[in-house]
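Close look at the chain arrangement
Chain by chain, the residues:
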Amino acid sequence: MSIVRKSLGLMQVVASVLATSVVAPPLPTAQAQTPGQAGQQAPAGSEEALKVRIDAAYKLMMEVARFDDGYVQLRAALLDAARSDLYEFTVESYSNAGATFLNNQILDNAEEIFAEGLKTRAMQQDVAKRADFYLNYAMLKQAEKDYQGFVSMCATATNLYAHYQGTESLELMYANDVLATGIAAFGQIAAAINVDQRNLEIAERVLGQDDRFTWKLQNNLADMLRQIGAPARALQYDLNVLEKRIGYYGPNHFNVLVSANNTAQDYLDLAKYDEALRYFQQDRDIAVVLKQEGNLIEQADAWLLYTRALSGAQPLDAPTLARLLPLTNHASYPEILAIKIANLLAAHFAAMGDTENSMNQLDRAYSIAGSTYGSVHPLTFAARQAMANLKAKTNPEAAATDFAALNHDMLRWNWFQVSTAANPVVAEASRALADDMLYDYARLAKNNASAVPAFAEAVRRWPTLENDKRDQLRRLSRLIDPNDMETRHLIQAGIRLSLAYQEAASSGDSADDPGAVQPDQAQAAYEKAITRVTTKYSFDQSVVDKPLPMANTLLKPNEALIDYFITRKWRADRESADPLEDERLYAIVTRKDQQPSLYDLGDPHRLIPAARETRMANLRSTRSAQERGAVTLVDLNATFTGLYAGLIAPLEPSLGGADTLFVVPDGKLFSVPFPLLQDSKGASLDDRFLVRMLTRPESLLKAGVDQSFPKSGKALLAGGLAYARGAEKGAEPLPGTRKEVDAIASILRGDHYSVETLTGTAAGERALRKDIEQATVAHLATHGAYRDEKEGGVGAVNALWQSEVVLSQSGNRQSMKRDDDDGRLYGMELMMWDLSNLDLLVLSACETARGQETFVGGLRGLPTAINIAGAKRSLLALWPVDDAGTAAFMVSFYGHLAAGRTYPEALRQARRDARGGKISGAQDPREWAAFVMFEN
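Procedures and definitions
- Residues numbered from 1 in each chain as written.
- Predicted model: local features only at pLDDT ≥ 70, side-chain atom pairs only at ≥ 80, totals over all residues.
- Heavy atoms only, no water.
- Helix = DSSP H or I, 4+ residues; strand = E, 2+ residues; numbered from the N terminus.
- Rg over C-alpha atoms; globule rule 2.2 N^0.38 Å.
- Buried < 20%, exposed > 50% of the residue type's maximum accessible area, 1.4 Å probe, protein only.
- Areas by Shrake-Rupley, 256 points an atom, 1.4 Å probe, with all protein chains shown as cover.
- Lys, Arg positive; Asp, Glu negative; His and termini not counted.
- Charge placed at Lys NZ, Arg CZ, Asp CG, Glu CD.
- Salt bridge = Lys/Arg side-chain N within 4 Å of Asp/Glu carboxyl O.
- Core = buried A, V, L, I, M, F, W, Y, C linked by side-chain atoms within 4.5 Å.
- Contact = heavy atoms within 4.5 Å.
- Pairing = 2+ DSSP bridges.
- Axes fitted to C-alpha atoms, helices over the stretch in contact; angles between N-to-C directions.
- pLDDT = per-residue confidence, 0-100.
- Parallel < 35°, antiparallel > 145°, perpendicular 65-115°, else oblique.
- Left-handed = near helix turned anticlockwise from the far one by under 90°.

Let us look at the overall build of the protein chain. Each helix and strand counted, the protein chain has 39 helices and 16 strands in total. The C-alpha atoms of the protein chain give a radius of gyration of 32 Å, which matches the 30 Å a tight globule of 936 residues would have. Summarising its shape, the C-alpha atoms of the protein chain cover approximately 115 × 65 × 60 Å along the three principal directions. Counting all 936 residues of the protein chain, 57% fall into the buried class. Only carbon and sulfur atoms are counted for the fraction: they give 50% of the accessible area of the protein chain, which is about 37300 Å². One way to put it: in the protein chain the 97 positive side-chain charges average out to a point 4 Å from where the 116 negative ones average out.

Quick look at the pattern of salt bridges now. For the structure on display, the rule yields 64 salt bridges. When the shortest N-O distance is used, the salt bridge between Lys141 and Asp146 registers 3.7 Å. Overall, the relative accessible area of 28% leaves Asp146 in the partly exposed class. For the salt bridge of Arg412 with Asp468, the shortest nitrogen-to-oxygen distance reads 2.8 Å. Placement of Arg412 in helix α19 (residues 396–421) and of Asp468 in helix α22 (residues 468–479) is noted, with a sequence separation of 56 residues between them. Judged by relative accessible area, which is 48%, Arg412 ranks as partly exposed. Through salt bridges with shared partners, a single network forms among Glu457, Arg460, Arg461, Glu466, Arg470, Asp471, Arg474 and Glu698.

Moving on, we come to the nonpolar core. The biggest cluster of nonpolar side chains holds 128 residues, and the ones touching the most others in it are Tyr564, Leu647, Phe674 and Phe893. Among the elements that take part in this core, helix α23 (residues 485–506) stands out by supplying 8 residues, more than any other. If we ignore the near neighbours within four places in the chain, the residues touching Phe674 are Tyr564, Leu647, Ile648, Val663, Leu669, Leu685, Val691 and Met693. Core analysis: the second largest hydrophobic core is formed by 99 residues, Tyr58, Met153, Ala234 and Val856 among them.

A few words on the sheet that holds strand β9 (residues 784–786). Sheet strands line up and pair through hydrogen bonds in the backbone, either parallel or antiparallel. The 3 strands lie next to each other as β9-β10-β11, forming an open sheet whose pairing is antiparallel. Either end of the sheet is taken by a strand with one partner, and the two such strands are β9 and β11 (824–826). Recorded for the sheet is a direction-independent mean angle of 20 degrees between the axes of neighbouring strands. Pairing analysis gives 3 bridges linking strand β10 (residues 803–806) to β11, with the strands arranged antiparallel. Within β11, the residue paired with Glu804 across the bridge is Tyr826.

An order of β3-β2-β1-β4-β5-β16-β15-β12-β8-β6-β7 is seen for the 11 strands of this open sheet, with the pairing classed as mixed. Each end of this open sheet is capped by a strand with a single partner; those strands are β3 (597–602) and β7 (753–760). Pairs of neighbouring strands in the sheet enclose a mean axial angle of 20 degrees, with direction left out of account. The sheet contact formed by strand β1 (residues 559–570) and strand β4 (residues 660–664) spans 5 bridges and is parallel. Paired with Ala560 across the bridge in β4 is Leu661. Taken strand by strand, helix α20 (residues 424–447) contacts β1, β2 (580–591) and β3, and its axis lies near 120 degrees from that of β1. Contacts from helix α37 (residues 883–898) reach β8 (777–781), β12 (840–844), β15 (873–877) and β16 (931–935), with the element oriented near 165 degrees to β12.

This part is about the environment of Ser506. Within the secondary structure, Ser506 sits in helix α23. Under the relative-accessibility criterion, Ser506 is labelled buried at 3%. Through-space distance from the C-alpha of Ser506 to that of Phe416 is 10 Å; in sequence the pair is 90 residues apart. Those residues in contact with Ser506 that sit more than four places away from it in its chain are Val418, Pro424, Ala427, Val856 and Arg860.

By the element assignment, Lys141 lies in helix α6 (residues 130–143). On the accessibility criterion, Lys141 (11% relative accessible area) is buried. For Lys141, the contacting residues outside a window of four places in its chain are Glu111, Asp146, Gly149, Phe150, Met153 and Phe186.

Below, the discussion takes up the pairing of β2. For β2, the tally of buried residues reaches 9 of 12 residues, placing the bulk of the element in the interior. Relative to β2, β1 runs antiparallel, the two sharing 11 bridges. Pairing of Ile562 across the sheet is with Val589, part of β2. When β2 meets β3, the two strands line up antiparallel, connected through 5 bridges. Its bridge partner being in β3, Val589 is matched across the sheet by Ser597. From the end of β2 to the start of β3, which pair antiparallel, there are 5 residues, and Asp593 there has a positive phi angle of about 55 degrees.

Per-residue pLDDT for the protein chain has a mean of 89; in total, 90% of the residues score no lower than 70. Note on residues 5–40: pLDDT is under 50 here. Beyond four places in sequence and across chains, it has 63 contacts. Taken as a whole, residues 624–633 scores under 50 in pLDDT and shows 30 contacts with residues more than four places along the chain or in a different chain.

Bringing the packing of helix α11 (residues 231–249) against helix α12 (residues 254–269) into the picture now. For the pair α11 and α12, the least separation of the axes is 9 Å and the interaxial angle reads 155 degrees. Considering their axes alone, α11 and α12 lie roughly antiparallel with respect to each other. Considering the relative orientation of α11 and α12, their crossing is left-handed. Here Pro231, Ala234, Leu235, Asp238, Leu239, Val241, Leu242, Arg245, Ile246 and Tyr249 of α11 come into contact with α12, specifically with Asn255, Val256, Val258, Ser259, Ala260, Asn262, Thr263, Asp266, Tyr267 and Asp269.

Written as structure tokens, this is what we have:
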């Protein structure tokens with residue numbers, strides 16, 4: 001709510017528990033005694049006598065110049081109560097006293113009362129009123145901006161309410177709402193939304209859609225959604241609450257005014273100014289009718305003026321500026337309005353060339369946001385970003401410093417939002433806020449080479465929201481004894497579970513999926529690894545804290561790293577049909593001992609139009625598990641024409657002398673077969689370079705290790721599977737897969753491998769998981785599929801549930817849930833497997849390299865799942881492939897491995913063999929170009 005209502009008196013207290021921010025009764029008043037009562041006074045230590053003393057103390061505090069005397073008497077009465085056995089009365093008295101001082105903003109006294117009350121004997125007893133005490137104390141901690149204290153007190157209160165009142169009680173719902181609004185005020189908006197959404201679900205079920213408290217929760221949830229940049233979602237709630245409140249209260253009620261104002265703010269954030277003006281006018285009309293004390297009419301007028309000025313309907317002339325300028329410093333107006341006006345004025349002054357006044361207004365917006373919402377809040381971040389952008393025009397070095405600091409803080413904040421959201425809408429909304437910063441940061445780096453190294457480090461971290469904990473584990477893995485496999489496994493488990501939890505949380509599957517990693521599991525794995533290293537090794541802290549090596553120190557002189565990164569500028573309505581105002585693809589090229597070079601490649605939609613994306617996705621042949629209807633196989637060269645010119649040619653100045661390219665794709669670039677791309681002379685990238693695809697920038701840390709195929713180990717092969725399940729025929733048999741795995745088994749046995757082959761009905765999910773986690777190499781020749789909503793996939797279902805490998809006895813079912821007996825291995829399940837022993841995982845199946853473009857990880861699909869599960873590398877297919885051609889190609893690949901070629905060299909030579917007609921059925925580029933090896 002963004003309405004300011006000023007207090008009418010020092011000691012005024014609102015009586016209704018659910019309508020105030022504290023659980024406090026009306027201020028007690030001393031009761032005059034009748035003559036008949038005078039001689040019948042209660043014993044001094046009785047509850048009645050103590051209550052009389054407390055009431056008298058309150059009355060004395062309200063007299064002129066007697067506050068201190070009354071306060072001393074109140075403290076004495078409370079202490080006498082604390083010495084008694086009147087436990088419930090004592091707790092309630094301290095709780096009410098602390099809440100009363102809090103409600104009147106006398107925070108020091110409130111803290112003194114609560115701190116003393118917390119130590120009383122009564123607070124150690126089985127007293128239900130303790131829940132109220134802790135909740136009131138939590139609200140004081142919020143007012144004191146003590147985040148840790150607030151969360152601690154509020155959590156205790158909610159536990160007590162659940163214990164005494166029940167898990168679906170109104171008291172607990174109210175306390176959870178306080179918790180949610182409180183942590184939102186401290187910047188943890190995603191976690192707050194998560195709490196209030198669950199709270200609202202309970203309220204709607206227990207209280208019903210027409211209960212006023214249900215509307216209150218919807219109102220607060222809309223506030224949070226608006227704060228995190230999801231006004232379209234907020235609007236759905238606000239319109240409903242507005243309609244409900246009008247029906248209950250009538251058109252001219254304060255609560256209706258609040259909802260009208262909130263609805264107007266939603267439309268304002270969506271840049272729908274006519275609608276915003278209409279609802280701000282409704283706000284004003286109600287204020288006129290109410291005739292309440294305060295400045296409700298003036299607030300509405302300010303909102304109307306601001307909206308007209310922002311939309312351009314009213315020029316920012318001298319009279320308008322004279323009206324707006326004072327509002328950024330006026331305590332009687334909402335802080336959010338003051339921030340918006342300051343930003344509007346800053347933009348106006350900047351356009352006029354008045355940098356000083358523009359910076360003053362931005363500083364004002366930053367000061368208001370910081371003092372109101374704290375340092376980690378979208379509005380505070382936005383103010384810092386605007387200040388950095390203004391500095392970029394005159395002092396790019398200072399701007400670079402500001403952007404680097406802002407990037408660091410937003411990354412930490414964004415990681416927390418994504419990790420606590422359990423809601424893809426909220427996770428993507430928080431990530432979209434960062435997109436706006438990264439878009440501007442990239443523009444600065446593009447024009448200032450000195451900013452590129454820091455921007456390159458930002459690009460490393462953002463795709464997977466790399467946090468300090470995972471980086472610390474990576475640093476430790478580089479320090480421990482290479483032969484200490486037990487410790488290494490614990491470190492890998494810590495990284496793996498952290499990534500798995502983050503992926504599930506960002507996609508909204510962590511809360512409802514009982515098999516998903518939970519935050520306590522990820523934290524426990526991290527602590528276990530740290531404890532193991534601390535116990536076994538005595539590393540100096542300065543060594544442990546040494547940053548991970550930069551890319552330019554890891555590369556060899558003949559190697560180049562190309563890190564692609566997409567930045568986005570979102571429109572106000574991110575859920576519209578055309579949500580992007582602009583999208584830019586950048587490439588950062590790094591060479592040995594050189595500073596990285598940044599290239600702006602333009603709009604990725606221009607490079608890969610939507611029609612081309614569809615053509616890329618719908619290439620099909622006979623190894624696909626899904627039927628899309630007969631489509632003609634397209635000419636790959638025509639499909640990818642121009643991609644070399646758009647993706648590689650601009651980078652040529654930085655590629656001289658390189659014969660190996662490490663490529664980190666982003667978003668839709670995961671679907672590009674880079675080795676196939678041809679330059680203007682017809683030479684493919686595969687001819688010029690050894691192309692190595694990395695799933696994420698951190699993969700470069702392992703790229704320099706030996707890439708040779710292990711000369712011994714355990715191989716697990718699966719092919720020639722029986723898909724029928726009772727009367728369900730299942731997928732079409734693939735006779736080529738049995739020949740494929742038999743031929744590969746022969747090669748591997750000759751290379752001293754222990755080989756296990758699963759065929760027919762033997763390749764069930766349980767058996768496969770048991771064996772694959774112990775294997776060095778795993779090869780699954782079967783059906784694979786990926787379908788998003790545009791291709792007939794199930795709507796609103798995570799892409800990791802729509803990415804699958806088909807196993808034995810799968811039948812015709814598509815369960816899309818954790819089921820070890822359904823014969824389908826989904827990406828979400830595979831992500832939870834421990835594949836850290838696997839040197840190579842081959843999914844010789846259709847579309848296993850495909851996925852959904854996403855903010856976290858760049859891609860959501862089987863490549864994501866395999867990366868998280870810990871396999872060192874995987875060979876996957878970008879599109880549907882032919883059964884016989886695929887089998888022959890794979891046999892050639894393993895033959896080159898057995899002959900001593902490294903993984904990337906073996907794949908490159910297999911492609912060359914196919915192109916040269918040496919592999920039967922695989923000479924068409926629709927076969928050999930489909931396979932991509934991702935290094936994790």
